[in-house]
Amino acid sequence: MNKQVKEVIIRLKPDATVVCEEIFENNIVISKHINIEDLCSAINSSIHLEGTETGILPEGCIYYKEDMAKSKYLVIKYNGRVDFTLYNTVYKDFPLPNMLFGFKMANDGCVSKKMVACIKGNKIKMNTILYHYPFSNVYDNFNICLGSNRFKTIRNITQIESYPHYIMSIANNNDLYNQAHNSCSFEYRELLDYISDKNEFDDNLLVERDKTIKHFIESLIGTKVKEKEFNIAIPA
């Protein structure tokens, strides 16, 4: 009757040779040398990896990533109209440019990072050029300053699709406003008055940055985008 193998020990020696020891029930040990390529091939063939299921993503989501700590990173394309407020002045049904919002959401549902940049048109790729956010309360590194405003804890990832509208509806002040971020060098109220008279946002107001969507995503996730993702067009 053949004895069953009760244990296999793999030893990697300093010279990169691999020794495989099979220990049988009767404590007989059989050793054999194998090359490391065969070892890796055997391990790979025995591993079954399941695909990642995201579930329903938020409306407008063009990028999604989850890291080992279960933090989630999302980029959401947003445009439309809001009641835009500067101090106590409300600009009703105010047209907005096409924008990308980036969010980092921790495993506990806390949104720890909020970013925004502008784009032109609807065709989106990793090398799509970004434009300066023309309003206030946004840093040059894309991060949004919300002051004392806080987000509620996210219980379902689709909740985050309402956050761009919420952010754009928060009352603004002059903090971080830069006239150089609109092509006409308008003062803030001049800019808002000009835009509010239009049926839609005038893209000619936008000022180009030396950044692309790839840079935006890398700033959000804190690491380089994988090379294989670089030339993949992202659906708008």
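K.L.:
Honestly, the side chain of Asn-137 in this entry has me stumped. Any pointers?
P.N.:
Within the fold, Asn-137 resides in the loop between strand E11 (129-131) and helix H2 (163-169). A relative accessible area of 10% means that Asn-137 is categorised as buried. A distance of 2.9 Å separates the side chain of Asn-137 from the side chain of Asn-173, its partner in a polar contact. Residues contacting Asn-137, with those up to four places away along its chain left out, are Asn-143, Ile-144, Cys-145, Asn-172, Asn-173, Asp-175 and Leu-176.

K.L.:
Would you mind going over the nonpolar core with me for this structure?
P.N.:
A general tendency of soluble globular proteins is for nonpolar side chains to be buried together. Ranked by size, the top nonpolar core spans 40 residues in total, and within it Phe-84, Met-99, Phe-101, Phe-103, Phe-135 and Met-168 carry the most contacts. Where this core is concerned, the elements lending two or more residues are strand E5 (72-78), strand E6 (81-86), strand E7 (89-95), strand E8 (98-105), strand E9 (111-119), H2 and helix H3 (188-196). Leu-100, Leu-130, Leu-220 and Val-225 belong to the second-largest nonpolar core, a separate cluster that totals 18 residues.

K.L.:
How should I be thinking about the sheet that holds strand E2 (residues 18-24) in this particular structure?
P.N.:
Spatially, the 3 strands line up as an open sheet ordered E1-E2-E3, and their pairing is antiparallel. Of all the strands in the sheet, the pair left with one neighbour each is strand E1 (5-12) and strand E3 (29-34). Strand-to-strand twist of the sheet, defined as the mean angle between neighbouring strand axes without regard to direction, takes the value 20°. Where E2 lies against E3, 6 bridges are found, and the strand directions are antiparallel. From the neighbouring strand, Ile-23 faces E3, where its bridge partner is Val-29.

K.L.:
Would you explain H3 in this entry?
P.N.:
Every α-helix carries 3.6 residues per turn, so stepping three or four residues along brings you back to the same face. All buried positions along H3 are accounted for by Tyr-188, Leu-191, Leu-192 and Ile-195. Burial along H3 is one-sided: seen end-on, the buried residues are contained in an arc of 95°. Among the structural elements, E6 and E7 are those in contact with the buried residues of H3.

K.L.:
Help me understand the environment of Leu-191, please; the structure alone is not making it clear to me.
P.N.:
Summarising the element assignment, Leu-191 is placed in helix H3. Its relative accessible area of 0% is what places Leu-191 among the buried residues. Separated by 56 residues in sequence, Leu-191 and Phe-135 have C-alpha atoms that sit 8.7 Å apart. Excluding anything up to four places from it in sequence, Leu-191 contacts Pro-134, Phe-135, Tyr-177, Asn-182, Phe-186 and Leu-205.

K.L.:
Help me understand unusual backbone geometry, please; the structure alone is not making it clear to me.
P.N.:
Apart from glycine, the bulk of residues carry a negative phi angle, and the bulk of peptide bonds sit in the trans form. For Asn-27, which is not glycine, the phi torsion reads 70° and is therefore positive. Looking at the element boundaries, Asn-27 is found in the loop between E2 and E3. Judged by its relative accessible area of 54%, Asn-27 falls in the exposed class. With phi around 70°, Leu-176 is a residue other than glycine that occupies positive phi space. Locating Leu-176 in the fold gives a position in the loop between H2 and H3. The exposure class of Leu-176 is partly exposed, given its relative accessible area of 37%.

K.L.:
When you look at helix H4 (residues 213-221) in this model, what are you seeing that I'm missing?
P.N.:
Of all 9 residues making up H4, 7 are buried, and the element is well covered by its neighbours. Buried within H4 are the following residues: Ile-213, Lys-214, Phe-216, Ile-217, Glu-218, Leu-220 and Ile-221. Backbone geometry just downstream of H4 places Gly-222 in the positive-phi region, at approximately 75°.

Reading guide: rules and limits
Residues numbered from 1 in each chain as written. Predicted model: local features only at pLDDT ≥ 70, side-chain atom pairs only at ≥ 80, totals over all residues. Heavy atoms only, no water. Helix = DSSP H or I, 4+ residues; strand = E, 2+ residues; numbered from the N terminus. Buried < 20%, exposed > 50% of the residue type's maximum accessible area, 1.4 Å probe, protein only. Polar contact = N/O pair within 3.5 Å; in protein donor to acceptor, adjacent residues only side chain to side chain. Contact = heavy atoms within 4.5 Å. Core = buried A, V, L, I, M, F, W, Y, C linked by side-chain atoms within 4.5 Å. Pairing = 2+ DSSP bridges. Axes fitted to C-alpha atoms, helices over the stretch in contact; angles between N-to-C directions. Arc of directions from axis to C-beta.

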